[in-house]
Amino acid sequence: MRRSDERARLPLRKSLLGRLLTVSVLVASCSVAATAWLAVQTTSGAIRQEQGQNLSSDAKIYNTLQGYAATHPGWEGVEDTVRELARQSQRRIALTTQDRRPIFDSSAGTPAAAPLPPQASAVVDPLSVDTVLVPDAALAGADRVDPRAVGPFLLPAKERTYLRQATARSVECLNRVGIAADVVQSPSGRPRIQFVSNDTDRSMERTCLPDESGAPTATEKKALRALNQLADACLKRQGRTGVKLNLDLSWDRGYGQEAADMGQPTARPASEAAVRKAKAAEQQAAAAAGRLPEARGSGYDRAIASCVGSARREQLTDYVAAPALLFIDDPGAVSVPGFDLSPANTARIVGVTALVLALTVGASVIAGARLVRPLHALTGAAQRMRDGLDSAPVPVGSDNEIGRLAATFNDMATHRARLEEQRKVMVSDVAHELRTPLSNIRGWLEAAQDGLADPDPAFVSSLLEEAVQLQHIIDDLQDLGAADVGALRLHLEPVRVDDLLGQVAAAHQGLAETAGVTLAVSALAPGTPCPGHGEGPAPLDADPVRLRQAVSNLVSNAVRHTPPGGRVTLRSYVTDSGDEVAVEVSDTGSGIPADDVPHVFDRFWRAEKSRSRSTGGSGLGLAIVLKLAEAHGGTASVVSAEGQGSVFTLWLPAAPGGGAEREVGSGAERDAGGGEETTARP
């Protein structure tokens, strides 16, 4: 229509071409910017590395000097350490106070020594470890104090010897009982036991660990007492009560808490019963004295941790070296100016950027035009289809995404046209099928009203026959409609297919005898293979009513198209793969022409082109058979030769299981009686 053809084009900012151009320009701009940034950063990084400002490769120097500061009260005597580090790293190493007064410079005395850089490489402070420079800085704890800074907690030789001997005896005992352990010495000189495996026998450990092994020595008690006083003074200034610190600098949070819960390496009790008894006694004593534990939140613990950290730094101040600035540089290096662009280089970069953007925009315009052209054709075809006009096939270009989209659109248009034609034919067929019984009923009733027919039993029987035929057509249409919208319910239960085939054969025996046709069920002995197929009997979970309906439709159709003296045979078997059950209905009837075989499962299809009811049937039976087979998770097929008969086969999945109800297309599952109600699509 002209309304569709004359529709205004989209503005460039909303079109695909405009968006493609925008994205291309953005990508090009980001690429140029990223390249320039990377070049600047790479150059600057190289310069910083030459100036010694990149300290990632010099962590060993920092860590060594940090350890020296943690174990010495001053920087006196650091010269030998700095010279050795400078010799190993081939770097210039200098230490100054925080006001840049020299402590020691490895290049001191060199005539060509350059002045120190304006910015220090790092600050060496054992009471504030730089966690970025030292990978193992996490061991310093939350207060960032170097673990090598122990100060007054450093044990004298006598106490070290005593603890080392006691620990060695414990390790020897543990090794005798089969527990692997080693002696590890902490920076303070206190030895501790390190187990090789975490999965050890706790009871055997207690037999080898003396009760006094975790008790602090006299030196540690004195230092811990001083630290506790400093921490309590800090807490008192905040209006909080003091705490009792353990040897590992943890504290008792309240009533009834064991030191082991705080991480203190104290002695392990002899038995769990003793622990419970001690706890009970402590609780009773507190209750008798009216002392209840104070509820302490996380804010209290944070205040304690802050005070303990500041008290520890205050206690260690006299035992560690003062903070110093660390400078690392190449020997004899001179100051290198920062990276700067000259006007010529700036103009060159701007020119290259503009050229890249121009090429990008040009390529985007060409690619966008080729991309949008077939999309415009698809849009026009879709609009013509919406307006009810016949749409010519869209030209299919090269084999790419757009070409495949055009091919798929053409297939969709063809399928839509075919469905529209089928819809029109179906409406005509439904009207025809309903018109015949209604016309008969109306004719008989008008004849009775005019007095031309008496409402005798024959009259009523004729009306009933037409009403039954009408109801049959409506029921078939209802079944097909339910299957189409996903509301066809299946009550699955174990079914013996041979028994079901016998029931269907018995129900149609009278019809077969009237038609002069032999109706039989092909019985297979247990374990006897069917020629060319698997073995029987066939195990199957199915809805017996719906399966009987499908087989009955096939049997009645076979009897109807088999001449007198012919034969209709029913049989079932399991396929060779074992995952399908086949239910066959074969006849020796007239067969189906090869051109009509693809349409036998279409709705309202009949071999009689005259649409005569002389042979019966509404033309919906085989369509219902296919839908019922698909609802069970299978399908239906036919093999026929004109004049030689036909073989209709239901292919159903051979799946074990209990009874269930399946609703086609619903997708819901719920309990139904003793079994499971499931739903599935046909």
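Placed above this text is the structure.
These remarks concern the structure in this document.

Conventions and cut-offs
Residues numbered from 1 in each chain as written. Predicted model: local features only at pLDDT ≥ 70, side-chain atom pairs only at ≥ 80, totals over all residues. Heavy atoms only, no water. Helix = DSSP H or I, 4+ residues; strand = E, 2+ residues; numbered from the N terminus. Buried < 20%, exposed > 50% of the residue type's maximum accessible area, 1.4 Å probe, protein only. Polar contact = N/O pair within 3.5 Å; in protein donor to acceptor, adjacent residues only side chain to side chain. Salt bridge = Lys/Arg side-chain N within 4 Å of Asp/Glu carboxyl O. Axes fitted to C-alpha atoms, helices over the stretch in contact; angles between N-to-C directions. Left-handed = near helix turned anticlockwise from the far one by under 90°. Contact = heavy atoms within 4.5 Å. Pairing = 2+ DSSP bridges.

Here we look at the side chain of Thr 569
Relative to the helices and strands, Thr 569 is located in strand 10 (residues 567-574). Since its relative accessible area comes to 17%, Thr 569 is described here as buried. At a separation of 3.4 Å, a polar atom in the side chain of Thr 569 contacts the side chain of Arg 567.

Here's the deal with the pattern of salt bridges
For the structure on display, the rule yields 11 salt bridges. Arg 148 is the partner of Asp 146 in a salt bridge, and the nearest nitrogen-oxygen pair spans 2.9 Å. What makes Asp 146 buried here is its relative accessible area of 3%. Overall, Arg 148 belongs to the partly exposed group, its relative accessible area being 28%. A salt bridge links Asp 499 to Arg 496, with the nearest nitrogen and oxygen atoms 3.2 Å apart. We classify Asp 499 as partly exposed; its relative accessible area is 40%.

Considerations on the packing of helix 15 (residues 544-560) against helix 16 (residues 621-631)
Where helix 15 contacts helix 16, the two axes come as close as 9 Å, and the packing angle between them is 145°. Crossing geometry of helix 15 relative to helix 16 is assigned as left-handed. Note on element contacts: helix 16 touches helix 15 through Gly 621, Leu 622, Ile 624, Val 625 and Leu 628, opposite Arg 546, Gln 549, Ala 550, Asn 553, Leu 554 and Asn 557.

Some thoughts on the sheet that holds strand 1 (residues 92-96)
The strand order 2-1-6-3 describes an open sheet built from 4 strands, whose pairing is antiparallel. Bordering the open sheet on either side are strand 2 (102-105) and strand 3 (122-124), each of which pairs with just one other strand. Neighbour-to-neighbour, the strand axes of the sheet open up by a mean angle of 25°, direction not taken into account. One ladder, built from 3 bridges, connects strand 1 with strand 2; its direction is antiparallel. When the sheet's bridge partners are listed, Thr 96 is paired in strand 2 with Pro 102.

Any link to function would need more than the numbers given here.
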